[in-house]
Amino acid sequence: MVGWFAFSGVRRFSLERTAVQGFPLLRLEAPIPRRADRADRRAAKGAALLARAGCRRVLAAPGFAHWDRLAETGLRPVDPGPLCQALAVPLILAALERQGIAPRRASVALWGDRVSRPFFEAACALCPRVRTLTITAPGGGEDLRRFLREEYGAAALEAGAGLPAHAAAAFAPVPAAGALRLYGPEPDLGGLALRPAEWTPPEGVELLPLLALLWESGRLSAQGIEIFPTEIRGNPLDSGGQSSYNI
């Protein structure tokens, strides 16, 4: 069971079953604390209620500051990393488009500690589309570069080749400055964000973990997600006012 922790104007703690796009959630509403020193205690009490109800993962509002209290009862946030890694290619292409760089002219870098399935699939999709692909992965990187040369006849380089990357993505905590960070509880999408294409999400819940939950359960496809810019970087888009990118 997945919980949804929400501070609200209720007078006492309450638990209610609800659903988002057909996915069942157990929503806990906790009274908003009037004093900051009571927030942790109320978070701890709410966490205990969710844990006793069988929850193991929890959604919360953006900026929720009490994950340590939830962790004490075995609760953890929904990990958005797998979704971000599955969308690595459209995210990289969107980052290039924001800079006005066509993929066939672009140098792209992929970083990781090993060649996972999402890493492999991203490399295979990007190799025939971009000018230069740099792959850095101590676990399996050389094998992947060899496979790409044999499969596509294109050279996949390793880090240190001296070519700057127009866009880069990191699949694990590695020293890759400026790369999209596609792992961990708080990925960094470099001024890009995700949203559902055909429905409006509920208020009071962080969107990326919610999308990850629906995606992993099969209730949301990658094609049902839009990528859109949250800030201006590089060259402005000249796409007639287009504000999102199709996957």
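This section reports on the structure supplied with the text. Worth saying up front: this structure is predicted, and the values here are computed from it rather than measured.

1. Remarks on the overall build of the chain
Then comes step 1: Within the chain, the secondary structure is distributed over 7 helices and 12 strands.
Then comes step 2: Structurally, the chain occupies a C-alpha span of about 65 × 45 × 35 Å along its principal axes.
Then comes step 3: Of all 247 residues assigned to the chain, the portion counted as buried reaches 46%.
Then comes step 4: Contacts in the chain between residues far apart in sequence, at least 24 positions, make up 61% of those at least 6 positions apart.
Then comes step 5: Surface exposure of the chain reaches about 12800 Å², of which carbon and sulfur atoms provide 48%.
Then comes step 6: Computed over 29 positive and 24 negative side-chain charges, the separation of the two mean positions in the chain equals 7 Å.

2. Considerations on the packing of helix 5 (residues 117-126) against helix 6 (residues 141-152)
Then comes step 1: Two numbers describe how helix 5 lies on helix 6: the axes approach to 11 Å, and their chain directions differ by 35°. Of the two possible hands of crossing, helix 5 and helix 6 adopt the one that is right-handed. Of helix 6, the residues touching helix 5 (which contributes Phe-119, Phe-120, Ala-123 and Cys-124) are Leu-144, Phe-147, Leu-148 and Tyr-152.

3. Some words on the sheet that holds strand 5 (residues 76-77)
Then comes step 1: Ordered by their spatial adjacency, 5 strands build an open sheet running 2-3-1-4-5, and the pairing between neighbours is mixed. Every other strand in the sheet has two partners, leaving strand 2 (14-20) and strand 5 as the edge strands with one partner each.
Then comes step 2: The pairing of strand 1 (residues 2-8) with strand 4 (residues 57-59) spans 3 bridges and is parallel. Among the inter-strand pairings, Trp-4 is bridged to a residue of strand 4, identified as Leu-59.
Then comes step 3: Helix 1 (residues 39-52) rests against strand 1, strand 2, strand 3 (23-31) and strand 4 of the sheet, and its axis sits at about 150° to strand 1.

4. Considering helix 4 (residues 88-98)
Then comes step 1: The buried count for helix 4 comes to 10 of 11 residues, which makes it a mostly enclosed element.
Then comes step 2: Every buried residue of helix 4 is accounted for by Ala-88, Val-89, Pro-90, Leu-91, Ile-92, Leu-93, Ala-94, Ala-95, Leu-96 and Arg-98.
Then comes step 3: Positive backbone phi, approximately 75°, marks Gly-100, located one or two places after helix 4.

5. Description of the packing of helix 4 against helix 5
Then comes step 1: Between helix 4 and helix 5, whose axes approach to 9 Å, the crossing angle comes to 45°. Between helix 4 and helix 5, the angle is such that the two are oblique. Mapping the contact onto sequence places Ala-88, Val-89, Ile-92 and Leu-93 in helix 4 and Ala-122, Ala-125 and Leu-126 in helix 5.
Then comes step 2: For the contact of helix 4 with helix 5, the class distribution of residues is 7 nonpolar, no polar and no charged.

6. Focus on the side chain of Arg-27
Then comes step 1: Structurally, Arg-27 is set in strand 3.
Then comes step 2: Within the structure, Arg-27 has its side chain in polar contact with the side chain of Glu-29 (distance 3.1 Å).
Then comes step 3: Ignoring sequence-local partners within four residues, the contact set of Arg-27 consists of Trp-4, Ala-6, Ser-14, Leu-15, Glu-16 and Thr-18.

7. Some points on the packing of aromatic side chains
Then comes step 1: For the coordinates displayed, the defined rule picks out 5 aromatic pairs.
Then comes step 2: Ring centres of Phe-5 and Phe-64 lie 5.2 Å apart, and the angle between their planes is 50°; on these two criteria the pair is classed as tilted. Linking Phe-5 in strand 1 with Phe-64 in the loop between strand 4 and helix 2 (67-71), this pair joins segments that are 59 residues apart in sequence.
Then comes step 3: Relative to Phe-171, the ring of Phe-119 has its centre 5.0 Å away and its plane inclined at 50°; by these criteria the two rings are tilted. Here Phe-171 lies in the loop between strand 9 (167-170) and strand 10 (180-181) and Phe-119 lies in helix 5, a separation of 52 residues in the sequence. As far as burial versus exposure is concerned, Phe-119 and Phe-171 are alike and both buried.
Then comes step 4: An aromatic cluster of at least three residues, connected via ring pairs, comprises Phe-5, Phe-7, Phe-64 and Trp-67.
Then comes step 5: The ring of Trp-4 carries Arg-27 above its face, with NZ or CZ at 4.4 Å from the centroid.

Conventions and cut-offs
- Residues numbered from 1 in each chain as written.
- Predicted model: local features only at pLDDT ≥ 70, side-chain atom pairs only at ≥ 80, totals over all residues.
- Heavy atoms only, no water.
- Helix = DSSP H or I, 4+ residues; strand = E, 2+ residues; numbered from the N terminus.
- Buried < 20%, exposed > 50% of the residue type's maximum accessible area, 1.4 Å probe, protein only.
- Contact = heavy atoms within 4.5 Å.
- Areas by Shrake-Rupley, 256 points an atom, 1.4 Å probe, with all protein chains shown as cover.
- Lys, Arg positive; Asp, Glu negative; His and termini not counted.
- Charge placed at Lys NZ, Arg CZ, Asp CG, Glu CD.
- Axes fitted to C-alpha atoms, helices over the stretch in contact; angles between N-to-C directions.
- Left-handed = near helix turned anticlockwise from the far one by under 90°.
- Pairing = 2+ DSSP bridges.
- Parallel < 35°, antiparallel > 145°, perpendicular 65-115°, else oblique.
- Nonpolar A, V, L, I, M, F, W, Y, C, P; charged D, E, K, R; others polar.
- Polar contact = N/O pair within 3.5 Å; in protein donor to acceptor, adjacent residues only side chain to side chain.
- Phe/Tyr/Trp six-rings, centres within 6.5 Å; stacked < 30°, edge-to-face > 60°.
- Lys NZ or Arg CZ within 6 Å of the ring centre and 35° of its normal.

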